[in-house]
Amino acid sequence: MRKNILIYALLLLSGCSSSWNEGGMGCPNVIIPGEKAYLTRADNRGENFRIELVGYEGYCYVEPNLPRHYAVITPQFRLHRLSDIDETRVDFSFHTETLQGPPGFLGKRTYFANGQIDANQKYVDFSGRPVKVKIPMDDDDFEIMLGLEMSSHEYEYNKSTFDTRNYKASQSSDSEQSCAAQTSSSCGCNK
C-alpha cells in the first residue's frame, strides 16, 4: 500500500515539474505601452511625484487541479520625488488588459498599489504585488497589456511631456518558465 502511494505521489510531482513549453506552448507577450508607463502626480503647487512602470517579472504555470493556464506578472516601479512636500506615500493604480484572443480571456482588470518614499530620497524602486492572469492554452500570439491607470488629463500630459515612442520596459526572469532578459517585451518563452 505504501509503495502505491509513493508511486502516485511521484507521478503527481513529475507532472508539476514539466516545462510549460512542452507541446509548443509558451507564455504570452507582456507589452507596456510607453504612454501608460509614466504618471505624474501634481497639485496646485506643482509636480510632486512621478511613478514609472519600469518593467516586470513573470512566469506561467498550469493550475494543478484544473486544466487552466495562468501568467503571473509582478510589475516593477520607480517612484520619483519631484518636490519638497512632506508626503511619503503615493497611491496609484495599474492594470492588465487583453484586447485580442478568445472571448473568455478578454478584458481589463485594475489593481491598487502604493509606494513609500522617504522625505530625503529622490527616487525608490519597488515591486508591485503579483497579479494572476488567465491565459489560453493554445494561443502563442496572446498579448497582455500592462500599464498605469490615469485620467484623460494625465494621459494627455504624458503624451506632451515624455517621448514615449522610445520607451522600453525591462523584464527579468525568476523561474524556469520565464524568458531570457534580452526579450524586453515578453513575459514567457515563446518569442
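Quick caveat, the model's predicted, so the values are computed rather than measured.

Participant: For the overall build of the chain, give the residues involved together with the corresponding values.
Facilitator: From N to C terminus, the chain includes two helices and 10 strands. The N-to-C order of helical and strand elements in the chain reads α-β-β-β-β-β-β-β-β-β-α-β. By residue count, 39% of the 191 residues in the chain fall in the buried class. A separation of at least 24 residues holds for 68% of the contacts in the chain among residues at least 6 apart in sequence. Looking at the chain as shown, the accessible area adds up to about 11200 Å², and 50% of this sits on carbon and sulfur atoms.

Participant: Describe the packing of aromatic side chains, with residues and values.
Facilitator: Applying the stated criterion across every chain yields a total of eight aromatic pairs. Judged by centre distance (6.4 Å) and plane angle (40 degrees), the ring pair of tyrosine 59 and tyrosine 61 falls under tilted. Tyrosine 59 gets classed as partly exposed once you look at its relative accessible area, which sits at 29%. When the centroid spacing of 5.0 Å and the interplanar angle of 75 degrees are considered together, the rings of phenylalanine 77 and phenylalanine 92 count as edge-to-face. With phenylalanine 77 in strand β4 (residues 69–81) and phenylalanine 92 in strand β5 (residues 89–98), this pair connects stretches of sequence that are 15 residues apart.

Participant: Go over the state of the cysteines, please, and point to the residues and values.
Facilitator: Using the criterion set out here, one finds one disulfide in the structure. Covalent S-S linkage joins cysteine 27 and cysteine 60, the inter-sulfur distance amounting to 2.1 Å. Taken together, the residues span a long stretch of sequence, with cysteine 27 in the loop between α1 (2–16) and β1 (29–31) and cysteine 60 in strand β3 (residues 46–62) at a distance of 33 residues. Cysteine 60 sits in the buried class, given a relative accessible area of 0%.

Participant: How would you sum up the pairing of strand β7 (residues 123–127)? Please name residues and give values.
Facilitator: Every second residue of β7 is oriented toward a common face, the buried set being Val124 and Phe126 and the non-buried set Tyr123, Asp125 and Ser127. Pairing of β4 with β7, which is carried by five bridges, proceeds in the antiparallel orientation. By the bridge assignment for β7, phenylalanine 77 is matched with phenylalanine 126.

Participant: I'd like a description of the sheet that holds strand β6 (residues 107–116), backed by residues and values.
Facilitator: Read from one edge of the open sheet, four strands run β1-β9-β5-β6, paired in mixed fashion. The sheet is open, and its two edges are formed by β1 and β6, each paired on a single side. Ignoring which end each strand starts from, the neighbouring axes of this sheet average 25 degrees apart.

Participant: Account for the pattern of salt bridges, with residues named and values stated.
Facilitator: Within this structure, the stated rule accounts for six salt bridges. Residue aspartate 125 is joined to arginine 78 by a salt bridge in which the shortest nitrogen-to-oxygen separation is 2.5 Å. Highlighted residues: aspartate 125 in strand β7 and arginine 78 in strand β4, separated in sequence by 47 residues. Judged by its relative accessible area of 44%, aspartate 125 falls in the partly exposed class. Residue class for arginine 78 comes out partly exposed when judged on its relative accessible area of 26%.

Participant: An account of the side chain of arginine 81 is requested, with residue identities and associated values reported.
Facilitator: Tracing the backbone shows arginine 81 in strand β4. Here arginine 81 occupies a buried position and makes no salt bridge, while the nearest side chain of opposite charge, aspartate 84, is found at 6.8 Å. A distance of 3.3 Å separates a polar side-chain atom of arginine 81 from the backbone oxygen of aspartate 118. Once residues within four sequence positions are removed from consideration, arginine 81 is found in contact with Asn48, Phe49, Glu87, Thr88, Ile117, Asp118, Ala119, Gln121 and Lys122.

Participant: Kindly report on the environment of threonine 74, identifying the contributing residues and their values.
Facilitator: Of note, threonine 74 is situated in strand β4. For threonine 74, a relative accessible area of 14% corresponds to the buried category. It is 4.2 Å that separates the C-alpha atoms of threonine 74 and proline 130, two residues lying 56 residues apart in sequence. For threonine 74, the contacting residues outside a window of four places in its chain are Gly55, Tyr56, Glu57, Ser127, Gly128 and Pro130.

Here is what the cut-offs are and how they apply
Residues numbered from 1 in each chain as written. Predicted model: local features only at pLDDT ≥ 70, side-chain atom pairs only at ≥ 80, totals over all residues. Heavy atoms only, no water. Helix = DSSP H or I, 4+ residues; strand = E, 2+ residues; numbered from the N terminus. Buried < 20%, exposed > 50% of the residue type's maximum accessible area, 1.4 Å probe, protein only. Contact = heavy atoms within 4.5 Å. Areas by Shrake-Rupley, 256 points an atom, 1.4 Å probe, with all protein chains shown as cover. Phe/Tyr/Trp six-rings, centres within 6.5 Å; stacked < 30°, edge-to-face > 60°. Disulfide = S-S within 2.5 Å. Pairing = 2+ DSSP bridges. Axes fitted to C-alpha atoms, helices over the stretch in contact; angles between N-to-C directions. Salt bridge = Lys/Arg side-chain N within 4 Å of Asp/Glu carboxyl O. Lys, Arg positive; Asp, Glu negative; His and termini not counted. Polar contact = N/O pair within 3.5 Å; in protein donor to acceptor, adjacent residues only side chain to side chain.

Just geometry here; none of it tells us what the structure is for.
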